[in-house]
Amino acid sequence: MALRLACAACVLAAVAEGVTSGLRGDGESPKCYDTVEGEPCYKAIQWAQKKGMWKNPEWYVEVKNPLDEAEMQNFFFKQRKHDCMRPCRLAVETTPAPEGKDKDGKKDWKSYFK
């Protein structure tokens, strides 16, 4: 009996380790991940592109380019659906550039006209 409890504790610890190993130190999800074939997110993207957007276009109005897999993955990520994470390509593209500031710490408006 004690051996079974010890084994169960080891299994639970391994599962917990696997679950938390994909997390950053602050408890947040990794910054980005591109889904791969076989995952629920990938399957949802394929279905949406091949059937869903043609049958129910109103569901995907917010997607800029529904034929782009990264755009569709980002849409599902924002909707918190199908276990989709932020796609890496869009995570890089949507990172805001640092704002230009002058020596007083005020916004440097000249940077907009360069």
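Read on for an overview of the structure. (Residues numbered from 1 in each chain as written. Predicted model: local features only at pLDDT ≥ 70, side-chain atom pairs only at ≥ 80, totals over all residues. Heavy atoms only, no water.)

Moving on to the packing of aromatic side chains. According to the stated counting rule, one finds four aromatic pairs in the structure shown. Ring centres of F75 and F76 lie 5.6 Å apart, and the angle between their planes is 50°; on these two criteria the pair is classed as tilted. As far as burial versus exposure is concerned, F75 and F76 are alike and both buried. (Phe/Tyr/Trp six-rings, centres within 6.5 Å; stacked < 30°, edge-to-face > 60°. Buried < 20%, exposed > 50% of the residue type's maximum accessible area, 1.4 Å probe, protein only.)

Next up on the list: helix α2 (residues 40-55). For α2, the principal kink sits at A48 and spans about 55°. What α2 keeps buried is the set C41, A44, I45, Q46, A48, Q49, G52 and M53. Where α2 is buried, its residues meet α3 (69-79). (Bend = angle between axes of the 7 residues up to and from the residue. Helix = DSSP H or I, 4+ residues; strand = E, 2+ residues; numbered from the N terminus. Contact = heavy atoms within 4.5 Å.)

Turning our eyes to something else, we now look at the pattern of salt bridges. Applying the stated rule across the entire model yields one salt bridge. A salt bridge links D68 to R89, with the shortest nitrogen-to-oxygen separation between them at 2.3 Å. Within this pair, whereas D68 is found in the loop between α2 and α3, its partner R89 is found in helix α4 (residues 88-93), the two being separated by 21 residues in sequence. (Salt bridge = Lys/Arg side-chain N within 4 Å of Asp/Glu carboxyl O.)

Geometric values such as these leave the question of function open.
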